[in-house]
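# Geometric and topological summary
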Amino acid sequence: MQFSTKCIHGNGKRFSGDNTGAVSMPIYQTATFAHPEAGKSTGYDYSRLQNPTREQLESVVACLEGGLDALAFSSGMAAITALMELFSPGDNIITDCDLYGGSVRLFDNITVKNGVTITRADCSSQDIAALIAPNTKAVYIETPTNPMMNVIDIAALAKITKPRGILLIVDNTFLSPYFQNPLSLGADVVVHSGTKFLGGHNDALAGFLVVNNAELSEKLRFIIKTVGSGLAPFDSWLILRGIKTLPVRMEKSQKNAIAIVQFLQSCERVVKVYYCGIEGSRGYEITKRQARGFGAMITFEVESKALALHILKSVKVIRFAESLGGVETLLTYPFTQTHADVPEELRIKNGITDRVLRLSAGIEEAEDLIADLKQAIDSYNY
Ligand SMILES: *Cc1c(COP(=O)(O)O)cnc(C)c1O
């Protein structure tokens, strides 16, 4: 079955408990389920453990990522937090140096407190094999990275981790399963902030872990039911609805992103544009090999901090807000927003300066978005 069809119908299996013919998956807004008698269950006991609406969403996401199982969490961070419960004191995790700021905050403050050590590396250029210690249990990356758009060769990294029995974890939020499937490239766990492209409407938080290994799935199922961070029924339904239009949204957002990149490249006041679809850029060839598209995320550096702040204040159609991946085009200031908790030294080393802006292209008309950016940039006077 083709991807777009899977977005609408999942793996084709319908929830057998509903015989009304409802075309939209019903929202099972219930905390608990009654048992016919002692020792018998309908298969549903309590919504922290199982809920039909969440299960439907999980089966669709598993299908889109080519996974055996997907688990839906209350947010992307809840998913990553649950994932970290796989590790024990004394374990080591290698993480890429450019990651979503919330992930860095989690690793530096919570994961480390639990006795797990973190080794930071630039996985797009450093020799990762040389950094692996006897206690290394996982390598954690995003590609392209948030916000600097570095591209990491997933298959090449899997060649290092697989033979050593180390988990390769890929946060696939930026490209979404529409453009990239890390499991098929050798990753062991795919992470998503479902809040972003999967949900797509800036109206609900969600997170996912997708795996293709039964043992890993069982361990994570035990964790989600124990820590209780599963996604609520109504939010599961919102994300299910969002996913139905994922392919059309991704195509339109990418088309807008390409037009915006061309505009930004022509702006004298824009110093550098980071987008993995720029021919000749560092990640272009790898992206072409491992993904089906370049996505809708753009990072760009303007000539001064004052100009960056002026743009944030002056955009009218585009909104200045944290987050990405929705139908609305958003502009983010990573320096004080999404990446504020990344240690300053690392932020600067990664290139996240006070002149850097991140744009998530929505599905408005490119012409209006470009006109908005143009007036915001041009109206600044030194
Ligand atoms: C937003 C984001 C997260 C965190 O997800 P939430 O749903 O906000 O908790 C994780 N990774 C990436 C790449 C993100 O953009």
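This text goes with the structure placed above it.
Residues numbered from 1 in each chain as written. Predicted model: local features only at pLDDT ≥ 70, side-chain atom pairs only at ≥ 80, totals over all residues. Heavy atoms only, no water.

### Considering the sheet that holds strand E5 (residues 167–171)
Using the following cut-off: The pairing criterion is simple: DSSP has to find at least two bridges between the two strands. Only DSSP runs of H or I covering at least 4 residues are called helices, and only runs of E covering at least 2 are called strands; the numbering of each starts at the N terminus. All axes here are fitted lines through C-alpha atoms, helices being fitted over the stretch that makes contact, and every angle between N-to-C directions spans 0 to 180 degrees. It only takes one pair of heavy atoms within 4.5 Å for two residues to be counted as in contact.
Strand order in this open sheet of seven strands is E1-E7-E6-E5-E4-E2-E3, and the pairing throughout is mixed. Only two strands of the sheet have a single partner each, and these edge strands are strand E1 (69–73) and strand E3 (117–121). Sheet twist, expressed as the mean angle between neighbouring strand axes with direction ignored, is 20°. Bridge count for E1 against strand E7 (residues 207–211) is five bridges, and the pairing is antiparallel. Directly across from Leu 71, in E7, lies its bridge partner Leu 209. On top of the sheet, helix H5 (residues 154–161) reaches strand E4 (136–142) and E5; it is set at about 155° to E5, its chief contact.

### Topic: the nonpolar core
Filter applied, for reference: For our purposes a nonpolar core is just a set of buried Ala, Val, Leu, Ile, Met, Phe, Trp, Tyr and Cys residues, chained together by side-chain atoms within 4.5 Å. Buried means the residue's accessible area, taken with a 1.4 Å probe over protein chains only, is under 20% of the maximum for its type, while exposed means over 50%, and partly exposed covers the values in between.
Counting 77 residues, the largest nonpolar core has Leu 264, Ile 298 and Phe 300 as its most contacted members. Tyr 140, Val 211, Leu 220 and Ile 224 belong to the second-largest nonpolar core, a separate cluster that totals 30 residues.

### Looking at the packing of helix H11 (residues 305–314) against helix H13 (residues 366–378)
For clarity, the cut-off: For this classification, under 35 degrees means roughly parallel, over 145 means roughly antiparallel, 65 to 115 means roughly perpendicular, and everything else is oblique. Each crossing is labelled by how the near helix is turned from the far one, with a counterclockwise turn of less than a right angle marking it left-handed and a clockwise turn marking it right-handed. Amino acids outside the nonpolar list (Ala, Val, Leu, Ile, Met, Phe, Trp, Tyr, Cys, Pro) and the charged list (Asp, Glu, Lys, Arg) are all regarded as polar, and Gly is one of them.
Where H11 contacts H13, the axes come no closer than 8 Å and their chain directions differ by 135°. What the angle tells us is that H11 and H13 run oblique. With respect to the hand of their crossing, H11 and H13 are arranged in right-handed fashion. Two secondary-structure elements touch here, H11 through Leu 307, His 310, Ile 311 and Ser 314 and H13 through Asp 372, Gln 375, Ala 376 and Ile 377. Split into classes, the residues belonging to the contact of H11 with H13 amount to four nonpolar, three polar and one charged.

### A look at the pairing of E7
Counting buried residues in E7 gives five out of five residues, a clear majority hidden from the surface. Residues Gly 207, Leu 209 and Val 211 point to one face of E7 and Phe 208 and Val 210 to the other, with burial holding for every one of them. As paired strands, strand E6 (residues 189–193) and E7 are joined by five bridges and run antiparallel to one another. Bridge pairing in E7 places Val 191 opposite Leu 209.

The values are spatial; any link to function lies outside them.
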